[in-house]
Every structure is written in structure tokens, then in C-alpha cells.
Amino acid sequence: MSEVWLLITVLTLGLLQFLDTGLYSYVAYNLNVGGIYLGVMSALWSFTYILANYLLSELADLGRNKLLIIMTTISLSVIYILFIDINDFNSLLMYSLHALAVASINLALSVTILEIYDYFSWGRVNMLSRVLSNVFRGITFLLVALSIIDLSFIIASLIIISITSTLLIPSIGLNIERKLYKMGRDLSLVSRYMKASTALLYIHRPKEALEVFESVWSSDRLKPWKILISTFSYVVFSDIIFVILPLILKNSLSLNTLMFSWGIALLVTGITSIPVISIMSSLEGRTNIKLIILLILLRGLTLILLLPLVSDALTLTLYLLTVVFISTLADSLIYNKFVEVSAGYSTSKYFIVRELGSIIGSLISGFIFVFIPTAIPIISLIFVGISIISLMI
């Protein structure tokens, strides 16, 4: 089957993800706003995204992928009109509509991947999609930084590309693949119950009984709610830093420098992630939870401890490159793990929890930056710890 639909849809998502940072940074640099405004703006985006996921999740589970992308196109059309005369009010409305567009395309892409591909390919295709979206974002950042294209051109192009995606994306009907995966997972669970019951044969030797039980049962104790708590905390500590990043850099680096650094970081990450993802995809077995924990720890430490070292374009690029590379792997593995334990259903819950974390992180960031900025590293590290511990209990 032709994969052109996947490429075009991921291109749509990648450009929308660029607009997330692009529009946000544009407002921070060009409008007279402060930390609290940006915190509220980011929180409003997350609130809209949560509401959209809640209202549109049924459409996704029913396989209405084309309708979801049409909603993305409509949102982009209104954004284009608002951007012509951008101000403090318009930017809030525009950014909220952007959240609706991202929610719609995310759900459409996710449910199509889960139904078009067999469940053995879910992880590989999802990770490949993330890598390609980073490549598209990176190229777009560079083109904007070099003044080859501007935000108006990107929004207009997105309208056309999203229409093309609607036409090319395959229609999906019955949720066969996810049901087959869920059936297989449930049968595996019954099998583990039966194997674990063999521990009763050693009931007169408690130590051996415990060893037999744990060898069978402890291999897959992770529950969806644990992943969701970890994801929530993961996003909180990330947004605490990223919400105020433009304000921290505003006085020392230009907007074009910020765009250029983002572009290099995303483009290099997209290319270098491919062999890493290939290795991960070739490994047998399910997503390694220990690797996820390690990546969360590394992302938290690099995000928080390396920020004070940023002083020019080179250090900013190296900082973003390190953070984005680790984030690409961590985000992919966390999402893949959630899909594993939830059998691919209710992916909207994952996106909703992410944005709940973004709301809290954005509000914490905005207010702390204004009143007690020295507390930002400590609070961020606390949420790093919560994210890790929730996967270990």
C-alpha cells in the first residue's frame, strides 16, 4: 500500500508542531507581553487541546479520520485570517484554534496507524512518524530563520497540505487490528494467571513459591494509570522550562537565532534518531521500562542543569539538540508503552493527560518566573522524580 498518505499527514503534523513554537515565540518577541500572559496563553492552548480530545475521541474510535482532518483545515483557515491582524486578544484565540487543529490531526493519524498497520508495526511506525515530523519542523525553522518563508506562507501552505491529506488518507471502518491485539493480550493475561497458579505447588516452601510467582507475574505489572501519571509529571517539568525559554533568551538572542537553533536541533535529531530507532525496532520484546526511566532522568537533568550555560547561538543550538534528541526517544517510548498496555484504545486519554501536565507546568512556570525564579530548578526536579517513581511502584 502506498505510504504517500502517511508522509503528507506527518508533514501536516510537523508544520503544525512548528507553528506551536513559531507562533508562541512570535508573540513573546513581538507583542508587549510578560511571563504570566505567556503562561496563561500556554495553559489555554492545553485546555483547548484537552477539550478537543475529549469531544473528538469518539470520532477517532469510530474511525472518522477524514472528518478529523477537515476540522484541522477549518481551524487553519480561521488562524490565517486572525494572523493578518494579530494582537493580544487575537493571539489567544489563534493559539487556541491551533490546539484544536493539532488535536484533530493527532487523533486522525494515531487511529489510522493503529488500524492500517498490524500491531507488530505500531511502535516502528509511530517512532518513524515522530522522526519525520521533527525533520519537517527542523527544515521549516531553518527556512524561517533564513527569511526564505514566513509564518503567513506556512499557514496558507498548511491549509492546502491538510486538504491533500484528507483526500489521500485511507478510510478506516471496523476496528479490527486493535480488537485482535486486545484479544491476544487478554489471552496472554489468562495464560499468566494459569502459570502463576503453579506457585501453589510450592506452597510448603514459601521462598520457592514466591520466586515462581514473581518470575511469571512481575514481567508486566505496569498499568495505564502509572504511565499517565508519569506522562503528566514528565510534561510538567518540561513546560516549566520551555514556557519561559523565549523570555530568558529575548534580551540576548534574536528571534531568528532562536528559530535557527531550533531548526538545526530538530533536523539533526531527526536524522540521527533513525539508526537508533531502527535498533530499538529490531529488538524483540516489548518496550523496555528501564530505558524509559533512564531517558526521563536524562531529559530532566539536561533540561534543567544545562540551561544556565546557554549564552550564544552555539550553546543554544547544542542545548536544544541534546534536549530534543532525548525527548524524541523518550516521547516515542512512553507513547508506545501506553499503546501496549491499553491495546491501542483511548489514546485520547494519553493526549489529555499530557495537556493537563502542560496546563500545570505553564501556570507554575509563568508565576514562579515572575515571583520566585530561583525555585524553578527545584520544582522541576521534584516532578522529574515523580515521573520516574510512578513507573517503578
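Quick notes on the rules
- Residues numbered from 1 in each chain as written.
- Predicted model: local features only at pLDDT ≥ 70, side-chain atom pairs only at ≥ 80, totals over all residues.
- Heavy atoms only, no water.
- Helix = DSSP H or I, 4+ residues; strand = E, 2+ residues; numbered from the N terminus.
- Salt bridge = Lys/Arg side-chain N within 4 Å of Asp/Glu carboxyl O.
- Axes fitted to C-alpha atoms, helices over the stretch in contact; angles between N-to-C directions.
- Parallel < 35°, antiparallel > 145°, perpendicular 65-115°, else oblique.
- Contact = heavy atoms within 4.5 Å.
- Nonpolar A, V, L, I, M, F, W, Y, C, P; charged D, E, K, R; others polar.
- Phe/Tyr/Trp six-rings, centres within 6.5 Å; stacked < 30°, edge-to-face > 60°.
- Buried < 20%, exposed > 50% of the residue type's maximum accessible area, 1.4 Å probe, protein only.
- Expected span 1.5 Å × (residues − 1).
- Polar contact = N/O pair within 3.5 Å; in protein donor to acceptor, adjacent residues only side chain to side chain.
- Core = buried A, V, L, I, M, F, W, Y, C linked by side-chain atoms within 4.5 Å.
- pLDDT = per-residue confidence, 0-100.
- Patch = residues over 30% accessible without salt bridge, like charges linked within 9 Å, V, L, I, M, F, W, Y side chains within 5 Å.
- Areas by Shrake-Rupley, 256 points an atom, 1.4 Å probe, with all protein chains shown as cover.

A. Representation of unusual backbone geometry in the model. Although it is not a glycine, Ser-147 adopts a positive phi angle of roughly 60°. Relative to the helices and strands, Ser-147 resides in the loop between helix H5 (122–145) and helix H6 (151–168).

B. Quick look at the pattern of salt bridges. Under the defined criterion, the tally for this structure stands at one salt bridge. Its salt-bridge partner being Asp-331, residue Arg-354 comes within 4.0 Å of it at the nearest N-O pair. Placement of the pair is Arg-354 in helix H14 (residues 347–371) and Asp-331 in helix H13 (residues 313–342), with a sequence separation of 23 residues.

C. Summary view of the packing of helix H12 (residues 289–305) against helix H15 (residues 376–392). Where H12 meets H15, the closest approach of the two axes is 10 Å, and the angle between their N-to-C directions is 180°. In terms of their interaxial angle, H12 and H15 are classed as roughly antiparallel. Contacts between H12 and H15 involve Ile-289, Ile-292, Ile-293, Ile-296, Leu-297, Gly-300, Leu-301 and Ile-304 on the former and, on the latter, Pro-377, Ser-380, Leu-381, Val-384, Ser-387, Ile-388, Leu-391 and Met-392. Here the residues of the contact of H12 with H15 are counted per class, giving 13 nonpolar, three polar and no charged.

D. Structural view of the packing of aromatic side chains. Summed over the entire model, instances satisfying the criterion amount to eleven aromatic pairs. Measuring from ring centre to ring centre gives 5.7 Å for Phe-338 and Tyr-350, while their planes differ by 35°; the resulting arrangement is tilted. Pair noted here: Phe-338 is in helix H13 and Tyr-350 is in helix H14, with a separation of twelve residues, a long-range link. One exposure class covers both Phe-338 and Tyr-350, and it is buried. An aromatic cluster is defined as three or more aromatic residues linked by ring pairs; in this entry it consists of Phe-18, Phe-141, Phe-242 and Trp-262.

E. Quick peek at helix H4 (residues 88–116). Relative to the 42 Å expected for 29 residues at 1.5 Å per residue, H4 spans 42 Å between its end C-alpha atoms, a close match to the ideal helical length. Burial runs high along H4: 23 of the 29 residues are buried. The N-cap of H4, judged by a side-chain oxygen 3.0 Å from the amide nitrogen of Phe-89 a few residues on, is Asn-87.

F. Up close: the nonpolar core. Within the largest apolar cluster, 114 residues are counted, with the highest numbers of intra-cluster contacts made by Leu-19 and Leu-38. When neighbours within four sequence positions are excluded, Leu-38 is seen to be in contact with Tyr-24, Val-27, Ala-28, Val-33, Val-243 and Leu-247.

G. Highlighting the side chain of Ser-238. Here Ser-238 is to be found in helix H9 (residues 224–242). The buried category is assigned to Ser-238, whose relative accessible area is 4%. Setting aside anything within four residues of it in sequence, one finds Ser-238 in contact with Arg-299 and Leu-303.

H. Seen up close, the confidence of the model for the chain. Looking at the chain, the pLDDT average stands at 82 and 82% of residues meet or exceed 70. Between residues 180–219, whose pLDDT stays under 50, and residues either more than four places distant or in other chains, the model counts 33 contacts.

I. Just the environment of Trp-5, in detail. Its location among the elements puts Trp-5 in helix H1 (residues 4–30). Look at Trp-5 and you get buried, because its relative accessible area is 4%. For the pair Trp-5 and Leu-167, spaced 162 residues apart in sequence, the C-alpha separation works out to 8.6 Å. When residues no more than four places from it in sequence are discounted, the contact partners of Trp-5 are Leu-109, Thr-112, Ile-113, Ile-116, Tyr-117, Leu-168, Ile-169 and Pro-170.

J. Structural detail: the environment of Tyr-234. Summarising the element assignment, Tyr-234 is placed in helix H9. Using a relative accessible area of 1% as the deciding quantity, one classes Tyr-234 as buried. Sequence-wise, Tyr-234 and Gly-300 are 66 residues apart; in three dimensions their C-alpha atoms are separated by 8.3 Å. With residues up to four places along the chain from it excluded, the contact list for Tyr-234 reads Ile-296, Arg-299, Ser-327, Ala-330, Asp-331, Ile-334, Arg-354 and Ser-387.

K. Broad picture of the side chain of Ser-362. The topology assignment puts Ser-362 in helix H14. With a relative accessible area of 0%, Ser-362 lands in the buried category.

L. Seen up close, a nonpolar patch on the surface. There is a patch of nonpolar side chains on the surface, built from Ile-36, Val-40, Leu-363, Phe-367, Val-370, Phe-371 and Ile-372 and spanning about 600 Å² of accessible area. Secondary-structure elements contributing two or more residues to the nonpolar patch are helix H2 (35–61) and H14. If one sorts the elements of the nonpolar patch by residue count, H14 sits on top with four residues. Relative to the helices and strands, Ile-36 resides in helix H2. When its relative accessible area of 33% is taken as the criterion, Ile-36 is described as partly exposed.

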